[in-house]
Amino acid sequence: MSADARKPGTARGDDAAPAAGDAAEAPAPRQRVAYFGRPGTFSHEVASRRFGASADLTPRRTISEVFDAVAGGAATYGVVPIENAVGGPIYDTVDQLIRREGTGAALVVCEELSLHVTLSLLGRAGVAPKRIYSHFVPLKHCGDWLRETYPDAQILEAESTAEAVERAAQDGEACAIGNKGAAAIYKLEILVPKLGAKGENITRFFIVGKAAEPPASGGRTLLLFGLDHRPGALVAALSALGRHHINLTRIVSRALPDSPEEYLFLVECEGSTEEPAFKEALALLEQHATGVRSLGSFRVSQKYE
């Protein structure tokens, strides 16, 4: 199979030369990959660039449906966003990881990818838009530009950038902010290839699956744990990781649905559960936190421009 279709988290070097007689072997089955959103979304772009043409890519309307597809066996892997540099954590993904833990539908993180998002204005040349559609994150990222350039246009939020482009395609007086690759899909023109927004717009994605293969060293690990309701509990838990020089890269807290005064913490940190020092850090963390478990050790792979 192609390098792009390798199992998430594995090395990306050239395939070894086949041994004699290997030519008669049956080809590897095509991977099935579910991704969040419609064709033309940034999730679709990441899935296409990561897995290539040798995988069957299927869109799912919600992040929950991506998890369902993988948990139910309809897909081997799922591609979901986890964080945007402008909009912050994607809480739908966070909640799916947390709520499914300990159930038969639980998934783990197999790999992290990131995309340098370039937002484009799509529409019809010569038509001044009365409405502009997009997902809330691009609208936030390009808000100043939109207000300055189209002060009279109505700004409307869509479920995804691809849905925004589709709605603009059906509305003769509308434009959309989205992925320029969606222009051909929905038969619109690229009016502004790169919108004049300030700062980098990086979106990070998780590849989720039923099982991960932790790297022997390096990479990152996603931990989930609870805390006793007492002063200093979080400081003590994080200090347990700090004593073993475990660097934190992301921390998100979520209230329990049936107990809003209690919180679970999703903590991403550098290192692998296969490393001796990391195992010692986990043992110490268990003295200060409740229900400590790993939601996957994984490699942080390619950043797509």
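Refer to the preceding data block for the structure.
Residues numbered from 1 in each chain as written. Predicted model: local features only at pLDDT ≥ 70, side-chain atom pairs only at ≥ 80, totals over all residues. Heavy atoms only, no water.

A. Molecular detail of the packing of helix α2 (residues 63–71) against helix α3 (residues 91–100). Put simply, α2 and α3 touch, their axes get as near as 9 Å, and they point 40° apart. One element, α2, and the other, α3, form an angle in the oblique class. By crossing handedness, the relation of α2 to α3 is classed as right-handed. For the pair α2 and α3, contact is made by Ile63, Ser64, Phe67, Asp68 and Ala71 and by Asp92, Thr93, Gln96, Leu97 and Arg100, respectively. Grouping the constituent residues of the contact of α2 with α3 by class yields four nonpolar, three polar and three charged. (Axes fitted to C-alpha atoms, helices over the stretch in contact; angles between N-to-C directions. Helix = DSSP H or I, 4+ residues; strand = E, 2+ residues; numbered from the N terminus. Parallel < 35°, antiparallel > 145°, perpendicular 65-115°, else oblique. Left-handed = near helix turned anticlockwise from the far one by under 90°. Contact = heavy atoms within 4.5 Å. Nonpolar A, V, L, I, M, F, W, Y, C, P; charged D, E, K, R; others polar.)

B. View of the pattern of salt bridges. Taken as a whole and assessed by the stated rule, the structure comprises 22 salt bridges. The closest approach of N and O atoms between Arg250 and Glu83, which form a salt bridge, is 3.4 Å. Of this pair, Arg250 sits in strand β13 (residues 248–256) while Glu83 sits in strand β3 (residues 77–84), placing them 167 residues apart in sequence. Comparing Arg250 with Glu83, the two get one shared label, buried. Its salt-bridge partner being Asp171, residue Arg131 comes within 2.7 Å of it at the nearest N-O pair. Taken together, the residues span a long stretch of sequence, with Arg131 in strand β7 (residues 131–134) and Asp171 in the loop between α6 (161–170) and β9 (174–178) at a distance of 40 residues. (Salt bridge = Lys/Arg side-chain N within 4 Å of Asp/Glu carboxyl O. Buried < 20%, exposed > 50% of the residue type's maximum accessible area, 1.4 Å probe, protein only.)

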